[in-house]
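Understanding the architecture of this molecule
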Amino acid sequence: ETGVTQTPRHLVMGMTNKKSLKCEQHLGHNAMYWYKQSAKKPLELMFVYNFKEQTENNSVPSRFSPECPNSSHLFLHLHTLQPEDSALYLCASSQDAGGGPETQYFGPGTRLLVL
Amino acid sequence: DAKTTQPTSMDCAEGRAANLPCNHSTISGNEYVYWYRQIHSQGPQYIIHGLKNNETNEMASLIITEDRKSSTLILPHATLRDTAVYYCIVGSGSRLTFGEGTQLTVNP
(Lines give C-alpha, C1' and ligand atoms only; values in the text may rest on other atoms or scores of the structure.)
Protein backbone atom coordinates (compact mmCIF):
# COMPACT_ATOMS: atom_id res chain seq x y z
CA GLU A 1 0.00 0.00 0.00
CA THR A 2 1.69 3.18 -1.23
CA GLY A 3 -0.91 5.75 -0.24
CA VAL A 4 -1.95 6.23 -3.86
CA THR A 5 -5.21 4.63 -4.96
CA GLN A 6 -6.64 4.29 -8.45
CA THR A 7 -10.12 3.41 -9.61
CA PRO A 8 -11.27 1.49 -11.45
CA ARG A 9 -8.59 -1.20 -11.50
CA HIS A 10 -9.89 -2.61 -14.77
CA LEU A 11 -11.90 -0.92 -17.51
CA VAL A 12 -13.24 -2.09 -20.85
CA MET A 13 -14.65 0.56 -23.14
CA GLY A 14 -15.75 0.99 -26.71
CA MET A 15 -14.24 3.55 -29.01
CA THR A 16 -17.29 5.81 -28.71
CA ASN A 17 -17.52 5.72 -24.92
CA LYS A 18 -16.50 8.39 -22.44
CA LYS A 19 -14.97 7.27 -19.19
CA SER A 20 -12.78 8.69 -16.44
CA LEU A 21 -9.92 7.30 -14.41
CA LYS A 22 -9.51 8.51 -10.85
CA CYS A 23 -6.41 8.80 -8.71
CA GLU A 24 -6.26 9.84 -5.08
CA GLN A 25 -3.21 10.27 -2.90
CA HIS A 26 -3.22 10.31 0.90
CA LEU A 27 0.37 11.44 1.35
CA GLY A 28 -0.02 15.21 1.48
CA HIS A 29 1.92 15.59 -1.78
CA ASN A 30 1.65 18.51 -4.16
CA ALA A 31 2.65 16.89 -7.44
CA MET A 32 0.74 14.23 -9.36
CA TYR A 33 1.54 12.39 -12.57
CA TRP A 34 -0.10 10.21 -15.21
CA TYR A 35 1.96 7.53 -16.96
CA LYS A 36 1.02 5.08 -19.70
CA GLN A 37 2.54 1.61 -19.97
CA SER A 38 1.72 -0.28 -23.15
CA ALA A 39 2.48 -3.98 -23.44
CA LYS A 40 6.21 -4.72 -23.66
CA LYS A 41 7.06 -1.00 -23.59
CA PRO A 42 8.59 1.29 -20.95
CA LEU A 43 6.47 3.67 -18.94
CA GLU A 44 5.74 6.92 -20.73
CA LEU A 45 5.11 10.12 -18.82
CA MET A 46 1.87 11.77 -19.99
CA PHE A 47 1.08 14.68 -17.68
CA VAL A 48 2.52 16.40 -14.62
CA TYR A 49 0.61 18.60 -12.18
CA ASN A 50 2.32 20.66 -9.52
CA PHE A 51 0.16 22.51 -6.98
CA LYS A 52 -2.89 21.82 -9.21
CA GLU A 53 -1.27 23.44 -12.26
CA GLN A 54 -0.34 21.39 -15.30
CA THR A 55 3.37 21.74 -15.82
CA GLU A 56 3.98 19.08 -18.45
CA ASN A 57 2.06 17.55 -21.33
CA ASN A 58 4.15 15.12 -23.34
CA SER A 59 2.37 15.61 -26.66
CA VAL A 60 -0.56 13.54 -25.49
CA PRO A 61 -3.52 13.35 -27.93
CA SER A 62 -6.50 15.47 -26.96
CA ARG A 63 -8.68 12.38 -26.49
CA PHE A 64 -6.94 12.20 -23.10
CA SER A 65 -7.97 15.10 -20.89
CA PRO A 66 -6.51 15.42 -17.38
CA GLU A 67 -8.10 17.28 -14.49
CA CYS A 68 -6.60 18.14 -11.12
CA PRO A 69 -9.24 19.76 -8.88
CA ASN A 70 -6.96 19.71 -5.83
CA SER A 71 -3.59 18.36 -4.82
CA SER A 72 -5.06 15.05 -3.64
CA HIS A 73 -7.08 14.11 -6.70
CA LEU A 74 -6.23 13.57 -10.34
CA PHE A 75 -8.52 12.46 -13.12
CA LEU A 76 -7.93 11.31 -16.66
CA HIS A 77 -10.98 11.77 -18.86
CA LEU A 78 -11.11 9.49 -21.87
CA HIS A 79 -13.18 9.90 -25.03
CA THR A 80 -13.15 8.37 -28.50
CA LEU A 81 -10.13 6.22 -27.71
CA GLN A 82 -8.46 3.85 -30.15
CA PRO A 83 -7.56 0.19 -29.58
CA GLU A 84 -3.88 1.17 -29.42
CA ASP A 85 -4.69 3.19 -26.29
CA SER A 86 -5.18 -0.08 -24.43
CA ALA A 87 -2.56 -0.05 -21.68
CA LEU A 88 -1.89 0.16 -17.97
CA TYR A 89 -2.41 3.74 -16.79
CA LEU A 90 -0.44 4.61 -13.71
CA CYS A 91 -0.80 7.54 -11.37
CA ALA A 92 1.99 8.75 -9.12
CA SER A 93 2.56 11.52 -6.62
CA SER A 94 5.56 13.24 -5.06
CA GLN A 95 6.15 16.05 -2.61
CA ASP A 96 6.43 18.54 -5.46
CA ALA A 97 7.68 18.65 -9.03
CA GLY A 98 10.58 21.00 -8.49
CA GLY A 99 14.14 20.39 -9.56
CA GLY A 100 15.34 18.60 -6.47
CA PRO A 101 15.39 14.87 -5.82
CA GLU A 102 11.87 13.54 -5.49
CA THR A 103 10.54 10.11 -4.70
CA GLN A 104 7.47 9.20 -6.70
CA TYR A 105 4.87 6.91 -5.21
CA PHE A 106 2.82 4.95 -7.70
CA GLY A 107 -0.69 3.63 -7.56
CA PRO A 108 -1.59 0.10 -8.69
CA GLY A 109 -2.76 1.28 -12.09
CA THR A 110 -5.89 0.96 -14.19
CA ARG A 111 -5.78 -1.75 -16.86
CA LEU A 112 -7.67 -0.29 -19.84
CA LEU A 113 -8.92 -2.27 -22.82
CA VAL A 114 -10.40 -0.38 -25.76
CA LEU A 115 -12.52 -2.46 -28.11
CA ASP B 1 17.98 13.35 -18.92
CA ALA B 2 20.95 11.02 -19.18
CA LYS B 3 20.41 7.62 -20.74
CA THR B 4 21.07 4.41 -18.83
CA THR B 5 22.11 0.94 -19.97
CA GLN B 6 21.11 -2.16 -18.04
CA PRO B 7 21.28 -5.89 -18.80
CA THR B 8 18.00 -7.24 -20.09
CA SER B 9 17.78 -10.04 -17.56
CA MET B 10 19.57 -11.58 -14.59
CA ASP B 11 19.07 -14.58 -12.36
CA CYS B 12 19.86 -14.93 -8.69
CA ALA B 13 19.55 -17.74 -6.18
CA GLU B 14 17.28 -17.17 -3.23
CA GLY B 15 19.21 -15.99 -0.18
CA ARG B 16 22.16 -14.76 -2.22
CA ALA B 17 23.01 -11.16 -2.98
CA ALA B 18 21.68 -9.74 -6.23
CA ASN B 19 23.96 -7.16 -7.86
CA LEU B 20 22.27 -5.18 -10.63
CA PRO B 21 24.57 -2.99 -12.75
CA CYS B 22 23.72 0.22 -14.55
CA ASN B 23 25.80 2.39 -16.87
CA HIS B 24 25.07 6.11 -17.10
CA SER B 25 28.17 7.57 -18.70
CA THR B 26 26.45 10.82 -19.76
CA ILE B 27 25.19 11.73 -16.29
CA SER B 28 25.53 15.41 -15.46
CA GLY B 29 26.69 16.86 -12.16
CA ASN B 30 23.27 17.61 -10.71
CA GLU B 31 21.50 14.43 -11.78
CA TYR B 32 20.62 11.75 -9.29
CA VAL B 33 20.59 7.97 -9.78
CA TYR B 34 17.24 6.40 -8.89
CA TRP B 35 16.22 2.77 -8.70
CA TYR B 36 12.63 1.61 -8.93
CA ARG B 37 11.22 -1.86 -9.42
CA GLN B 38 7.99 -3.13 -10.89
CA ILE B 39 6.51 -6.43 -9.94
CA HIS B 40 4.40 -7.88 -12.71
CA SER B 41 1.39 -5.68 -13.55
CA GLN B 42 1.77 -3.52 -10.45
CA GLY B 43 2.86 0.10 -10.12
CA PRO B 44 6.59 0.80 -9.82
CA GLN B 45 8.04 0.93 -6.33
CA TYR B 46 10.79 3.30 -5.25
CA ILE B 47 13.87 1.56 -3.90
CA ILE B 48 16.70 4.04 -3.38
CA HIS B 49 18.45 7.06 -4.88
CA GLY B 50 21.85 8.74 -4.61
CA LEU B 51 23.95 11.58 -5.98
CA LYS B 52 27.57 10.53 -5.49
CA ASN B 53 27.86 8.81 -2.13
CA ASN B 54 26.91 5.21 -1.54
CA GLU B 55 23.50 4.83 0.05
CA THR B 56 21.80 2.10 2.07
CA ASN B 57 18.27 1.66 3.29
CA GLU B 58 16.13 -1.20 4.51
CA MET B 59 15.59 -2.47 0.98
CA ALA B 60 18.95 -2.19 -0.73
CA SER B 61 22.35 -0.58 -1.12
CA LEU B 62 23.42 1.70 -3.95
CA ILE B 63 27.07 1.85 -4.94
CA ILE B 64 28.02 4.71 -7.28
CA THR B 65 31.47 4.79 -8.87
CA GLU B 66 33.68 7.77 -8.16
CA ASP B 67 33.29 9.11 -11.70
CA ARG B 68 29.50 8.56 -11.41
CA LYS B 69 29.38 6.83 -14.77
CA SER B 70 27.98 3.61 -13.37
CA SER B 71 26.24 2.23 -10.33
CA THR B 72 25.20 -1.09 -8.78
CA LEU B 73 22.06 -1.87 -6.85
CA ILE B 74 22.60 -4.57 -4.26
CA LEU B 75 19.81 -6.64 -2.73
CA PRO B 76 21.74 -8.33 0.07
CA HIS B 77 19.56 -11.41 0.55
CA ALA B 78 17.26 -11.87 -2.42
CA THR B 79 13.90 -13.54 -1.88
CA LEU B 80 11.37 -14.87 -4.37
CA ARG B 81 9.34 -11.69 -3.82
CA ASP B 82 12.21 -9.66 -5.25
CA THR B 83 11.50 -11.06 -8.71
CA ALA B 84 10.65 -7.92 -10.71
CA VAL B 85 11.84 -5.53 -13.39
CA TYR B 86 14.41 -3.14 -11.92
CA TYR B 87 14.76 0.32 -13.44
CA CYS B 88 17.84 2.49 -13.13
CA ILE B 89 16.92 6.12 -13.89
CA VAL B 90 19.06 9.22 -14.00
CA GLY B 91 17.62 12.69 -13.71
CA SER B 92 15.62 14.88 -11.41
CA GLY B 93 12.91 13.31 -9.33
CA SER B 94 10.03 14.98 -11.07
CA ARG B 95 11.17 13.83 -14.50
CA LEU B 96 11.65 10.07 -14.54
CA THR B 97 12.41 8.53 -17.93
CA PHE B 98 11.93 4.79 -17.63
CA GLY B 99 13.90 2.47 -19.88
CA GLU B 100 13.48 -1.25 -20.40
CA GLY B 101 15.04 -2.19 -17.06
CA THR B 102 16.48 -5.53 -15.91
CA GLN B 103 14.21 -8.50 -15.33
CA LEU B 104 15.56 -10.07 -12.15
CA THR B 105 14.40 -13.61 -11.48
CA VAL B 106 15.12 -15.04 -8.06
CA ASN B 107 15.18 -18.82 -8.16
CA PRO B 108 14.51 -21.19 -5.25
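Just so you know, these numbers come straight off a predicted model, no measurement behind them. (Residues numbered from 1 in each chain as written. Chains lettered and ligands numbered in written order. Predicted model: local features only at pLDDT ≥ 70, side-chain atom pairs only at ≥ 80, totals over all residues. Heavy atoms only, no water.)

**Observations regarding the sheet that holds strand S4 (residues 45–50) of chain B**
Residue and element names in this part refer to chain B. Heads up, the rule is: In this scheme, strands are said to pair when DSSP sees at least two bridges between them. A run of H or I in DSSP counts as a helix once it spans at least four residues, and a run of E counts as a strand once it spans at least two, with each numbered from the N terminus. Under this scheme, a helix contributes an axis fitted over its contacting stretch, all axes are lines through C-alpha atoms, and angles between N-to-C directions fall in the 0 to 180 degree range.
Taking strand neighbours across the sheet as the criterion, the five strands line up as S1-S9-S8-S3-S4 in an open arrangement whose pairing is mixed. The strands lining the two open edges of the sheet, one partner per strand, are strand S1 (9–13) and S4. Neighbour-to-neighbour, the strand axes of this sheet turn through a mean angle of 25°, independent of strand direction. The pairing of strand S3 (residues 32–38) with S4 spans five bridges and is antiparallel. Bridge assignment links Arg37 to a residue of S4, and that residue is Gln45.

**Topic: the pairing of strand S3 (residues 18–25) of chain A**
Remember that side chains alternate between the two faces of the sheet whenever the strand is regular. All names here are of chain A. With four bridges joining them, strand S1 (residues 4–7) and S3 adopt antiparallel strand pairing. Across the sheet, the residue bridging to Thr7 is Lys22, located in S3. Direction of pairing for S3 relative to strand S8 (residues 73–79): antiparallel, over a ladder of seven bridges. Directly across from Glu24, in S8, lies its bridge partner His73.

**Thoughts on the sheet that holds strand S7 (residues 64–70) of chain A**
Residue and element names in this part refer to chain A. Taken together, the four strands give an open sheet; going across it, the order is S1-S3-S8-S7, and neighbouring strands pair in antiparallel fashion. Single-partner strands in this sheet number two, and they are S1 and S7. Averaged over all pairs of adjacent strands, the angle between their axes in this sheet comes to 20°, without regard to strand direction.

**Let's talk about the interface of chain A and chain B**
Inclusion rule: We call two residues in contact when some of their heavy atoms are within 4.5 Å. Any Lys or Arg side-chain nitrogen found within 4 Å of a carboxyl oxygen on Asp or Glu counts as a salt bridge. Distance and chemistry together define a polar contact, namely a pair of N or O atoms within 3.5 Å, with one atom able to donate a hydrogen and the other to accept it when in protein, and with adjacent residues in sequence counting only for side-chain atoms on both sides. When residue character is reported, Ala, Val, Leu, Ile, Met, Phe, Trp, Tyr, Cys and Pro are called nonpolar, Asp, Glu, Lys and Arg charged, and the others, Gly included, polar.
On the side of chain B, 19 residues touch chain A, which itself brings 23 residues to the contact. Inspection of the region where chain A meets chain B yields zero salt bridges. Linking chain A to chain B there are four residue pairs in polar contact (both at pLDDT 80 or more). Listing elements by their share of the side of chain A that touches chain B, those giving two or more residues are strand S4 (31–37) and strand S9 (87–94) of chain A. The element best represented in the side of chain A that touches chain B is S4(A), accounting for three residues. Per-class residue counts for the side of chain A that touches chain B are 11 nonpolar, eight polar and four charged.

**Describing the state of the cysteines**
Going by this rule: Disulfides are defined as pairs of cysteine sulfur atoms found within 2.5 Å of each other. The cut-offs for exposure are 20% and 50% of the maximum accessible area for each residue type, with area from a 1.4 Å probe on protein chains only; residues under the lower value are buried, those over the upper are exposed, and the others partly exposed.
This model, assessed by the stated rule, comprises two disulfides over all chains. Sulfur-sulfur distance for the disulfide between Cys22(B) and Cys88(B) comes to 2.1 Å. One disulfide, between Cys22(B) and Cys88(B), carries an S-S torsion of -80° and so falls in the left-handed class. Linking Cys22(B) in strand S2 (residues 18–23) with Cys88(B) in strand S8 (residues 84–91), this pair joins segments that are 66 residues apart in sequence. For the pair shown, Cys22(B) and Cys88(B) are each scored as buried. Sulfur of Cys68(A): no disulfide; nearest cysteine sulfur belongs to Cys91(A) and is 9.1 Å away. Between Cys12(B), a cysteine without a disulfide, and Cys22(B), which holds the nearest cysteine sulfur, the sulfur-to-sulfur distance is 18 Å.

**Focus: the pattern of salt bridges**
Between side chains of opposite charge, a pair can form as their charged atoms come close. Residue and element names in this part refer to chain A. One pass over the full model with this rule turns up two salt bridges over all chains. Note that Arg63 is salt-bridged to Asp85, the shortest N-O span being 2.7 Å. In this pair, Arg63 sits in the loop between strand S6 (53–57) and S7 while Asp85 sits in the loop between S8 and S9, placing the two residues 22 residues apart along the sequence. Look at Asp85 and you get buried, because its relative accessible area is 2%.

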